[in-house]
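# Structure at a glance
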Amino acid sequence: MREKLNANAQAVLEMVRAAHNHPTASEVYETVKQVRPQIGLASVYRILHSLVEQEYIKELRHSDDTCRYDGHISRHDHAICTECGTLLDVPIDIPLTQEILEQAAIATGIELSSHELRLYGRCPACSKKQTH
């Protein structure tokens, strides 16, 4: 059940939902601190954890154990830049049948609860840098 959000939590939620870069907790803190100067980093971490638990936002773990936050909570896929680490939403639906997902789950021995496809490659900015 979702709790009513206080002003700090509302500011954190609005920042994550407005961001297009899937911010880290530190990035959320630096941005929110501009409008809520009294907020502390520990409070931001607690608020982010609470927002994830209440399903206002999603927590995305990267292979290097960094966490990023996504205000777009409906199921969608991501692309990750192999050079700069940018995490991008894939703006189209990549259809996978339930049968294929279940076969993959059985092959790995997991009980499937959700899925996400991740694409890896260079983002437009890194590709552009390489050609210059």
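Remember, predicted model here, so these are calculated numbers, not experimental data.

### What to know about the pattern of salt bridges
Counted under the stated rule, the structure contains 7 salt bridges. As a salt-bridge pair, K33 and E30 come within 3.7 Å of each other at their nearest N and O atoms. One end of the pair is K33 and the other is E30, both in helix α2 (residues 25-35) and 3 residues apart, which spans about a single turn. Note on E30: relative accessible area 45%, which makes it partly exposed. In this structure, E83 engages R122 in a salt bridge whose closest nitrogen and oxygen atoms are separated by 3.5 Å. Linking E83 in the loop between β3 (78-81) and β4 (87-89) with R122 in the loop between β5 (118-121) and α5 (124-131), this pair joins segments that are 39 residues apart in sequence. Since its relative accessible area comes to 47%, E83 is described here as partly exposed.

### A short note on the environment of S74
Here S74 lies in the loop between β2 (67-70) and β3. For S74, a relative accessible area of 41% puts it in the partly exposed group. In sequence terms S74 and C126 are 52 residues apart; their C-alpha atoms lie 28 Å from each other.

### Section: the UniProt feature "binding site: Fe cation" (unreviewed entry) in the protein chain
In this numbering, the UniProt entry assigns the feature "binding site: Fe cation" (unreviewed entry) to D77 and H115. With the annotated positions falling across 39 residues, the maximum pairwise C-alpha distance of 8.7 Å places them together in a single cluster. Within the secondary structure, D77 is located in the loop between β2 and β3. Following the sequence through the fold, H115 ends up in the loop between α4 (98-108) and β5. Classification of H115 as partly exposed rests on a relative accessible area of 23%. Non-local contacts of H115, meaning those with residues more than four positions away in its chain, are made with R75, L96 and L101.

### Comments concerning the sheet that holds β5
Spatially, the 3 strands line up as an open sheet ordered β4-β3-β5, and their pairing is mixed. The sheet is open, and its two borders are formed by β4 and β5, each paired with just one other strand. Geometrically, the sheet is characterised by an average inter-axis angle of 25° between neighbouring strands, direction not taken into account. Sheet topology note: the β3/β5 ladder contains 4 bridges and is parallel.

Calculation notes
Residues numbered from 1 in each chain as written. Predicted model: local features only at pLDDT ≥ 70, side-chain atom pairs only at ≥ 80, totals over all residues. Heavy atoms only, no water. Salt bridge = Lys/Arg side-chain N within 4 Å of Asp/Glu carboxyl O. Helix = DSSP H or I, 4+ residues; strand = E, 2+ residues; numbered from the N terminus. Buried < 20%, exposed > 50% of the residue type's maximum accessible area, 1.4 Å probe, protein only. UniProt positions renumbered as here; feature names shortened; annotations may be inferred. Contact = heavy atoms within 4.5 Å. Pairing = 2+ DSSP bridges. Axes fitted to C-alpha atoms, helices over the stretch in contact; angles between N-to-C directions.

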